[in-house]
Each structure stands twice: as structure tokens, then as C-alpha cells.
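# Observations on chain architecture
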Amino acid sequence: MSRGVILLAAGGTGGHLFPAEALAHELIERGWEVHLATDRRAERYSGHFPAADIHSIPSATLGSKNPIAMLSAFWTIWQGVRQAGRVIARIKPDAVVGFGGYPTLPPLYAATRRKVPTLIHEQNAVMGRANKALASRVDAIAGGFLAESESAADAKTVTTGNPVRPQVLEAAKISYTAPTDGEPFRLLVFGGSQGAQFFSDAVPAAIALLPEAQRKRLAITQQARAEDVARVKAAYANLGVDAQVSPFFTDMAARMASAHLVMSRSGASTVSEIAVIGRPALLVPYPHALDHDQAANAAALAAAGGAEVHPQSTLSPKGIAALLDGLFGNPDRLTAMATAARSAGKPNAARLLADLTEAIASGKTVSDYRRTRA
């Protein structure tokens, strides 16, 4: 018999769903029944999500200045609130936990209207717009990079870190060994659901500028948009470079663990997983990210010495080639970065977030929770 029901709500991208998945595993191990509320975009991830049921709830983005579009968005969200309310009435959750993205608005609004204990988790160093809209209504806020003292809602903010999936914790058991001269050099390149096109354009062009001896050492794994996969594969094939290119890898944690260097965007989940696994990284914040949250996330890992941060506007293929060339022959630098990255990781974040979830579900306040931690 389960201890009760926890409803998780997350936007339909990996950045929102992966931390929710990590918390789900932890809660299930503790005897809770977990449900997920999300949108249709989550379908490609949902097969891996350990939920008793997945509820597709209508929602919309409130980004347009067009009055008709705004009215349509509000109407869709209101429809979502009503549908989420029916789900909550049926499954009777002890708490509802949101992980950001506009699809979390209907379930969290519905929960607060019904006086169900609520908690939001903010993965980024800068609070996202959906979470900002919910911050004043919920009972607690958990922060991945969000410091308790720096939050506008610091009285109910607890810094837990970003939960990472069991696959990431398993991958973290693999120690890092930098390649020496002549050995294969495994490069992992990915850009998430947004921002992969830059890497598809720039990285093959950069690899073309490297000396042939370095190209022969490379083994590249690269995520690319479906429409870019063929041309990226062809570019590497023409260069004689061993490359695996796909829109999505189901074993990304294992691929990260096998990499000697990661080049990626700096979404919160990405930065957290790089840190827990402990791999050197070249981070290129997505320049169009709302509130510049990716730049802030990247800065946190760079401050620990685990990554270099390079704005996209400063990177040409020639610049990327120079960065790679500088690291190819510097195993000591790579090892130092890997060690620094691991030191910044929080592998126990899922446990801390589950502790806070259970406290909120039992009716405790953040002040009560903090006293139990002291």
C-alpha cells in the first residue's frame, strides 16, 4: 500500500522532465504513488517516466502581445485548470510539485485553489516566468542554482540542487581519464530542444580546420535537429571523422560518461548532469534564452573551474577549432576541469527534494523543514 499520491507537473522538454523523473524514482522508492501532468511534447520522454499515470493537460505560452492570441492562451490555460482540477479531485494528491514551463500553470493553479500543498522547483539560477507566476501562491520553492539568500521569495526557498536521473548517478561511477597523444578523443556535442542548429553549422566547419592527425583521433557524438542530421553526417564523413549524429539519444548519461570533452548549451539539467558525472565542458549559453538563465547556469560551473563559457557571438569555426586544439594536447587541463566539475555536483539533490516534498505534503512549512535540518 502506498504512503499517498504525489502529482508532478512539468513542461514537455527534457530540461523540465528529467529532474521530475529523478524525483519520481526517489519518491517511488519511499513508497509514494507518483502521477505526472504535462503536455503532448512529453510523449517521446514519457516511456521512461515512472508514473502510475500520465495526464495530458492543456496549456499555452503567455508570450504574445497580440490581444487575440493572449485571450486564446488564457482560455486554453483556464481549460487546463478545469481539467487539472478534475484530475486532482480523482487522484487526491498529498502534494503537487511543479518543475517549470507553462504546462505547470494549470495543475499548480488548480492545486492552490483546492488548498492542496504545493511546491515548485526552479532548476535555473534565474527564476523562469512560469515559476515567477506561481511563486507567491505555492507553499515552498526548491532551487537548483537559486540561492536562498538571493531569492525574492527567500522565506520559502530551499536550495536542494537539481535532481539527476538514476542513469546519471550510475554514469557518475565512471572515473575520468584524459586521453594522451595518439589515443582516441571522444567529443560529445548537443544543444537540447533549442539551439542545436548552431552546433550543426559550426562544429563540422571547425573540425575541418583541425590537422588531419587530430581529426583521425576524434570520435564525435552529436545531437542535431532531424532536418540537419543528414548534412552533419555527410560533413563528418567527408572529413573521415567517426561520428554518430541523431536528434535524440536515449543513453545520453552513458555517452556523457564516456566523453573526454562536452560541448553544449547550459540548461540547468545539462549543467547539473555534467557536474555530477564530472566531465570538462565548453559551454555555449543559448543566446535567446528567456532571462538569460543559461548564462547564469554556465557561470556557476565555470566559477568552480569545471567549464569554460563562450558566448555564441564570439565563436566562429576558427575559434572553436582553436579551443579544441588547445585541449587536445593538454590532458592535465582536462583532468583538472573534470575534477572541478565533479566537486560542484550535487548527487543527493533528489533525496533533498524528496525530503522537502514529504514535509510539504505532511502540512509542514519551510520554517518547520529548516528546523528539522538544523
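Notes on the structure follow.

Below, the discussion takes up helix H3 (residues 67-91). What sets the pattern is the α-helix's 3.6 residues per turn: residues three or four places apart point alike. Its 25 residues give H3 an end-to-end C-alpha distance of 36 Å, which sits within 8% of 36 Å, the value for a rise of 1.5 Å per residue. Among all positions of H3, only Ala73, Ile77, Gly80, Val81, Ala84, Gly85, Val87, Ile88 and Ile91 are buried. In the segment just after H3, Lys92 is the residue with positive phi, at about 50°.

So, about the nonpolar core. Core analysis: the largest hydrophobic core is formed by 33 residues, its most contacted members being Ile207, Leu218, Tyr236, Leu261, Ile320 and Leu324. When residues of this core are traced back to their parent elements, those giving at least two are strand E8 (185-190), helix H7 (196-208), strand E9 (218-223), helix H9 (229-239), strand E11 (261-264), helix H13 (317-328) and helix H14 (331-344). The contact partners of Leu218, leaving out residues within four places of it in the chain, are Phe185, Leu187, Ile207, Leu210, Val241, Asp242 and Phe328. In this structure, Leu7, Ile77, Ala84 and Met127 belong to the second largest nonpolar core, which totals 28 residues.

Reading across the sheet, the six strands line up as E10-E9-E8-E11-E12-E13 and stay open at both edges, with parallel pairing between neighbours. With partners counted over all chains shown, the strands left at the sheet margins are strand E10 (242-246) and strand E13 (307-309), one partner each. Neighbour to neighbour, the strand axes of the sheet diverge by 15° on average, direction disregarded. Both strand E12 (residues 281-283) and E13 contribute to a ladder of three bridges, which runs parallel. From the neighbouring strand, Ala281 faces E13, where its bridge partner is Ala307. Along the sheet, H7 contacts E8, E9 and E11; its crossing angle with E9, the most-contacted strand, is approximately 165°.

What follows deals with the packing of aromatic side chains. Evaluated as defined, the whole model comprises two aromatic pairs. Ring geometry for Phe185 and Phe328: centres 4.6 Å apart, planes at 50°, overall tilted. Highlighted residues: Phe185 in strand E8 and Phe328 in helix H13, separated in sequence by 143 residues. For Phe328, a relative accessible area of 2% gives the class buried.

This part covers the side chain of Glu21. By the element assignment, Glu21 lies in helix H1 (residues 14-29). Despite being buried, Glu21 has no salt bridge partner; Arg165 is the closest side chain of opposite charge, sitting 4.7 Å away. Excluding its chain neighbours within four sequence positions, the residues that come into contact with Glu21 are His48, Phe49, Pro50, Arg165 and Gln167.

Let us look at the pattern of salt bridges. In the structure shown here, the tally under the stated rule is 15 salt bridges. Arg3 is paired through a salt bridge with Glu358; the nearest N and O atoms lie 2.8 Å apart. Pair noted here: Arg3 is in the segment before strand E1 (5-9) and Glu358 is in helix H15 (residues 349-361), with a separation of 355 residues, a long-range link. The salt bridge partner of Arg231 is Asp201, with a shortest N-O separation of 2.5 Å. In this pair, Arg231 sits in helix H9 while Asp201 sits in helix H7, placing the two residues 30 residues apart along the sequence. You can call Asp201 partly exposed: its relative accessible area is 40%.

With that settled, consider the sheet that holds strand E7 (residues 157-159). Spatially, seven strands are ordered E3-E2-E1-E4-E5-E6-E7 in an open sheet, and the strand pairing comes out parallel. Two strands lie at the open edges of the sheet, namely strand E3 (53-56) and E7, each paired on one side alone. Mean inter-strand twist for the sheet, computed between neighbouring axes without regard to direction, equals 20°. Alignment of E1 against strand E4 (residues 95-98), held across four bridges, turns out to be parallel. Pairing of Leu7 across the sheet is with Val96, part of E4. Packed onto the sheet, H3 meets E1, strand E2 (33-38) and E3 and runs at close to 155° relative to E3. Its contacts with the sheet place H15 against E1, E4, strand E5 (118-122), strand E6 (140-143) and E7, and it is angled at close to 160° to E5.

Conventions adopted
- Each chain has its residues counted from 1, following the order in which its sequence is written.
- In keeping with the predicted nature of the model, local features appear solely for residues at pLDDT of at least 70, side-chain atom pairs appear and are counted solely at 80 or more, and the whole-chain, interface and lining totals rest on all residues.
- Hydrogens and water are ignored here; the side-chain numbers use all heavy atoms of the structure.
- Only DSSP runs of H or I reaching four residues or more are called helices, and only runs of E reaching two or more are called strands; each is numbered from the N terminus.
- Multiply 1.5 Å by the residue count of a helix minus one, and that product is the helix's expected span.
- The classification of residues rests on relative accessible area computed with a 1.4 Å probe and restricted to protein chains. Under 20% of the type maximum is buried, over 50% is exposed, and intermediate values are partly exposed.
- By nonpolar core we mean a set of buried residues, namely Ala, Val, Leu, Ile, Met, Phe, Trp, Tyr and Cys, connected to one another through side-chain atoms within 4.5 Å.
- Contacts are assigned to residue pairs that have any heavy atoms within 4.5 Å of one another.
- Strand pairing is defined by DSSP finding a minimum of two bridges between the two strands.
- The axes are straight lines fitted to the C-alpha atoms, using for helices just the contacting stretch, and the angles between their N-to-C directions are given from 0 to 180°.
- In this analysis, rings of Phe, Tyr and Trp, with Trp reduced to its six-membered ring, are considered paired at centre separations within 6.5 Å, and the interplanar angle assigns stacked below 30 degrees, edge-to-face beyond 60, and tilted for intermediate values.
- Note that His is not counted, nor are the chain ends; the positive residues are Lys and Arg, and the negative ones are Asp and Glu.
- The salt bridge criterion pairs a side-chain nitrogen of Lys or Arg with a carboxyl oxygen of Asp or Glu, the two atoms within 4 Å.

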